[in-house]
Amino acid sequence: MSAGTLYDKVWELHRVADLPGGSTQLFIGLHLIHEVTSPQAFAALRDLGLGVRHPERSVATVDHIVPTTSQARPFADSLAEAMLQSLERNCAEHGITLHGLGSGRQGIVHVIAPELGLTQPGMTVACGDSHTSTHGAFGAIAFGIGTSQVRDVLASQSLSMNKLKVRRIWVDGQLQGGVYAKDLILHIIRTLGVKGGVGFAYEFAGPAIEALSMEERMTLCNMAIEGGARCGYVNPDATTFAYLQGRPCAPAGEAWQRAVAWWSGLASGPEASFDDEVRFDATAIAPTVTWGITPGQGIGVDEAVPTPEQLDADERPIAAEAYRYMDLQPGIPIAGVPIDVCFIGSCTNGRLSDLRAAAAVARGRHVAEGIRAFVVPGSEQVARAAEAEGLDQLFRAAGFEWREPGCSMCLAMNPDRLEGRQISASSSNRNFKGRQGSASGRTLLMSPAMVAAAAVSGHVADVRRLLAAPTSPVGTAPEVLSEPVLSAACQP
Amino acid sequence: MNVPSFPIGPVRSVEGTAVVLSGDDIDTDRIIPARFLKCVTFGGLGEQVFADDRLERGGAHPFDLPEHQGARILLVNRNFGCGSSREHAPQALMRWGIRALLGESFAEIFFGNCLALGIPCLQAPHGRIKALQSFVEANPSTAFRLEVDAARLHSGDGQAWPLDLAPGPRQMLLSGQWDATGQLVSHDRELLDTAARLPYLNAFSTD
Ligand code: SF4
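Residues numbered from 1 in each chain as written. Chains lettered and ligands numbered in written order. Predicted model: local features only at pLDDT ≥ 70, side-chain atom pairs only at ≥ 80, totals over all residues. Heavy atoms only, no water.

Caption draft 1: Up close: the overall build of chain B. Assigned secondary structure in chain B consists of nine helices and eight strands. Considered along the principal axes of its C-alpha atoms, chain B spans approximately 70 × 40 × 30 Å. Pairs at least 24 residues apart make up 70% of the contacts formed inside chain B by residues separated by at least 6 positions. For chain B, the separation between the mean place of its 18 positive charges and that of its 24 negative charges on side chains is 1 Å. (Helix = DSSP H or I, 4+ residues; strand = E, 2+ residues; numbered from the N terminus. Contact = heavy atoms within 4.5 Å. Lys, Arg positive; Asp, Glu negative; His and termini not counted. Charge placed at Lys NZ, Arg CZ, Asp CG, Glu CD.)

Shown next, in the form of structure tokens:
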């Protein structure tokens, strides 16, 4: 059993009561809400005659269903409009802060909470969305929940939970130029499998993790869930504190020093013990691309689609399904596979550093003939910051569409979707069958820089070659410590 | 529709008239057709329960017959609720007014979804369910009382039918443990104590 880890400490601090049947009632420090998984939960509260116990600890935004071309109301899709109206009504009725369209703070829920400074080390964070693991980048214990649990958090600011085991994922060395946090997590999932993390929280540690910026740590923790781990986290350090300082909802004044002292003490100490440990060498990781229908079916960009003989027996049935669905022959090199659509965005890779990394590839080049490429910033703040740097102009000049913020083609609940058997290079997190809005559409997951490389090449391409070429001076993603765009007082 | 409040806390008994739905393997797609799943709330599901079957039978479906309006107990046969795991199916039945099901057998996920709403599903052998269904069809206005602890159905005129309910679900219903929300809200004192010791809720003062 793990002991002395950040996970253990945060769990103990938030333990409200032991419940019959062996589960724990856990206090939820921050509850994030969006339009898709909350309406039934609010309705259930109403049915039970209950109110929201601590509305000041819930924060809402709208992201999944918003169109990214025109966000004028009412939306053309009447069901999307009804969902947003329902969220607006529920938040108004219960006194919950809603960062709506045009507020300057709207965006994908997992992008806005960190950039507002809402997500902090040592918190428990819950949201009706599986990629809530993102917030673990700050040393928070953050996990996705179902609609009936959203109801429970609204009613009681707590959840009935079972404690997870803790696996430390230790990464030595440094990521090389053109290799990003996305490649690291795709590599980890490829190695441990999509079910490898079931029952575990992942602690990411080691020199390569310490060197990551906060935005890269978010990308890493975001996809812990795709490896089966309900939450993933990084111990808070100077990088974490530097990111948080000055954000609208971060502690300020005298409280800041006390906060940093408390946060520093939460990290897993040298005496911490783990249920399991796995080691990786960052230096050996190449830009990674998925070729199949699970995020675990990834390979280095210089590799070939694996043949059945190269796979373990238990991987062969899903691989056979993937060959058929993706129409990719075993043994063909992944570099060179033609692409139809390129998508840069999502809660995995829709932040400013992601757009900068993609822009570094797109600069001075043009989207290849016949390819539709678009960039969807993760939030209004990301969009405005990118526009202030001229990234929108750069992308437009290179033939990309520049859109309004939202989840967009990550799950295609809005009008952005693949058609027919189109194949996309996508910076999102799921390559499941039909995920991007067409029942036969195909998705290759990769880093934003790799998506940009695919866009300008017309096929899967090794971004390291493009970065080495003279048009583009930039290597790895730059550290982002930009000033928060907003300075208004925090509302929750 | 006049629907009573939804279950909360311990479920010890269910009272009301019954409605019979004969047939084996009635799946969740028939209980609530897939096109009703894209919804903002479960609120409308009560009217949509068995929508396609009811349309097909043009008012002759048991759920449309005047004598069964207000029924609280549903009598079914074998493997009721099979198919997709959609929580919408028990929700739709509950919102129509059903508070307990009696049948020969239930699909496992459906049984669990009902339990999570505080709706008991009790079993009895083929012969006893058939006899009970015939009795209800002949006497639709008979009011019953279902005792969860004794697993027994009583009619107003003194008849009683023994039923089966496994000890686990029975205990969950009687103690109110099926209701996670109820348990969580009952610990408000402990919740405030926890909040009081969390630095980030107290301006990071450590004392
Ligand atoms: S961007 Fe995709 S994964 Fe992230 S919250 Fe939106 S739909 Fe979910």
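After presenting the structure, the write-up continues.
Caption draft 2: Quick peek at the site of the ligand. Looking at the ligand, the residues that line it are His64, Ile108, His110, Asp129, His131, Ser346, Cys347, Cys407, Cys410, Leu411, Asn429 and Arg435 of chain A. Its residues assigned to classes, the shell around the ligand comprises five nonpolar, five polar and two charged. (Near = heavy atom within 4 Å. Nonpolar A, V, L, I, M, F, W, Y, C, P; charged D, E, K, R; others polar.)

Caption draft 3: Structural context of unusual backbone geometry. Between Arg73 of chain A and the following residue, Pro74 of chain A, the backbone shows a cis peptide bond with an omega angle of -10°. Locating Pro74 of chain A in the fold gives a position in the loop between strand S4 (58-61) and helix H3 (78-94). Positive phi is not limited to glycine here, since Asn79 of chain B has a value of about 55°. By the secondary structure assignment, Asn79 of chain B is in the loop between strand S3 (73-75) and helix H4 (88-96). Judged by relative accessible area, Asn79 of chain B falls into the partly exposed class, the value being 27%. Even without glycine at this site, Phe204 of chain B takes up a positive phi of about 60°. (Buried < 20%, exposed > 50% of the residue type's maximum accessible area, 1.4 Å probe, protein only.)

Caption draft 4: Looking closely at the sheet that holds strand S2 (residues 24-27) of chain A. Residues and elements named next belong to chain A. Taken together, the three strands give an open sheet; going across it, the order is S1-S2-S8, and neighbouring strands pair in antiparallel fashion. Both edges of this open sheet fall to strand S1 (15-18) and strand S8 (158-161), since each of them pairs with a single strand only. Mean inter-strand twist for the sheet, computed between neighbouring axes without regard to direction, equals 25°. Pairing analysis gives three bridges linking S1 to S2, with the strands arranged antiparallel. Looking at the pairing, Arg15 lines up with Leu26 of S2. (Pairing = 2+ DSSP bridges. Axes fitted to C-alpha atoms, helices over the stretch in contact; angles between N-to-C directions.)

Caption draft 5: Region of the structure containing the sheet that holds S4 of chain A. Residues and elements named next belong to chain A. With respect to topology, five strands assemble into an open sheet ordered S5-S4-S3-S6-S7, the strand pairing being parallel. Edge positions in the sheet fall to strand S5 (97-99) and strand S7 (141-144), since each of these pairs with one other strand and no more. Looking at each pair of strands side by side, their axes are set apart by 20° on average, direction ignored. Examined bridge by bridge, strand S3 (residues 30-33) and strand S6 (residues 124-127) share three bridges and lie parallel to one another. The residue bridging His31 from the neighbouring strand is Ala126, located in S6.

Caption draft 6: Region of the structure containing the packing of H4 of chain B against helix H5 (residues 108-115) of chain B. All names here are of chain B. Two elements in contact, H4 and H5, have axes whose closest approach is 9 Å; the angle formed by their N-to-C orientations is 50°. On the basis of the axis angle, H4 is oblique to H5. Read as a crossing pair, H4 and H5 show a hand that is right-handed. Each of Ala89, Pro90 and Leu93 in H4 lies in contact with H5, whose residues at this interface are Phe110, Asn113 and Cys114. Tallied by class, residues from the contact of H4 with H5 come to five nonpolar, one polar and no charged. (Parallel < 35°, antiparallel > 145°, perpendicular 65-115°, else oblique. Left-handed = near helix turned anticlockwise from the far one by under 90°.)

Caption draft 7: View of the interface of chain A and chain B. Counting residues at the interface gives 41 residues for chain A and 30 residues for chain B. Interface area for chain A against chain B, summed over the two sides, is near 3000 Å², with a carbon-plus-sulfur share of 67%. The tally of links from chain A across to chain B stands at two salt bridges. Asp188 of chain B serves as the salt-bridge partner of Arg53 of chain A, at 2.8 Å between the closest nitrogen and oxygen. Taken together, the elements giving at least two residues each to the side of chain A that touches chain B come down to helix H1 (6-14), S1, S2, helix H2 (39-48), H3, helix H5 (147-156), S8 and helix H10 (254-264) of chain A. Among the residues forming the side of chain A that touches chain B, the class breakdown is 20 nonpolar, 13 polar and eight charged. (Buried area = accessible area lost by both parts, 1.4 Å probe. Salt bridge = Lys/Arg side-chain N within 4 Å of Asp/Glu carboxyl O.)

Caption draft 8: Structural context of the environment of Gln381 of chain A. If you trace the backbone, Gln381 of chain A turns up in helix H14 (residues 380-388). C-alpha of Gln381 of chain A to C-alpha of Leu352 of chain A: the two residues are 29 residues apart in sequence and 9.1 Å apart in space.

Caption draft 9: How the structure looks around the pattern of salt bridges. All names here are of chain A. Taken as a whole and judged by the stated rule, the model has 32 salt bridges over all chains. Its salt-bridge partner being Arg73, residue Glu81 comes within 3.0 Å of it at the nearest N-O pair. Overall, Glu81 belongs to the buried group, its relative accessible area being 7%. Between Arg464 and Asp462 there is a salt bridge, with the nearest N and O atoms lying 2.9 Å from each other. Sharing partners across several salt bridges, the network here consists of Arg372, Glu401, Arg403 and Asp416.

Caption draft 10: Molecular detail of H4 of chain B. All names here are of chain B. With nine of its nine residues buried, H4 lies for the most part within the structure. Those residues of H4 that sit buried are His88, Ala89, Pro90, Gln91, Ala92, Leu93, Met94, Arg95 and Trp96. Downstream of H4 by one or two residues, Gly97 has phi in the positive range, about 135°.

Caption draft 11: Structural view of H3 of chain A. Residues and elements named next belong to chain A. Helix length check: H3 (17 residues) gives 24 Å between terminal C-alpha atoms against 24 Å at 1.5 Å per residue, within 8%. Residues of H3 that are buried: Ala80, Glu81, Met83, Leu84, Ser86, Leu87, Asn90, Cys91 and His94. Close packing links the buried residues of H3 with S3, H2, S4 and S5. Where H3 starts, the residue carrying a side-chain oxygen 2.9 Å from the main-chain nitrogen of Leu79 turns out to be Asp77. In the stretch just after H3, Gly95 is the one whose phi turns positive, near 70°. (Expected span 1.5 Å × (residues − 1). Polar contact = N/O pair within 3.5 Å; in protein donor to acceptor, adjacent residues only side chain to side chain.)

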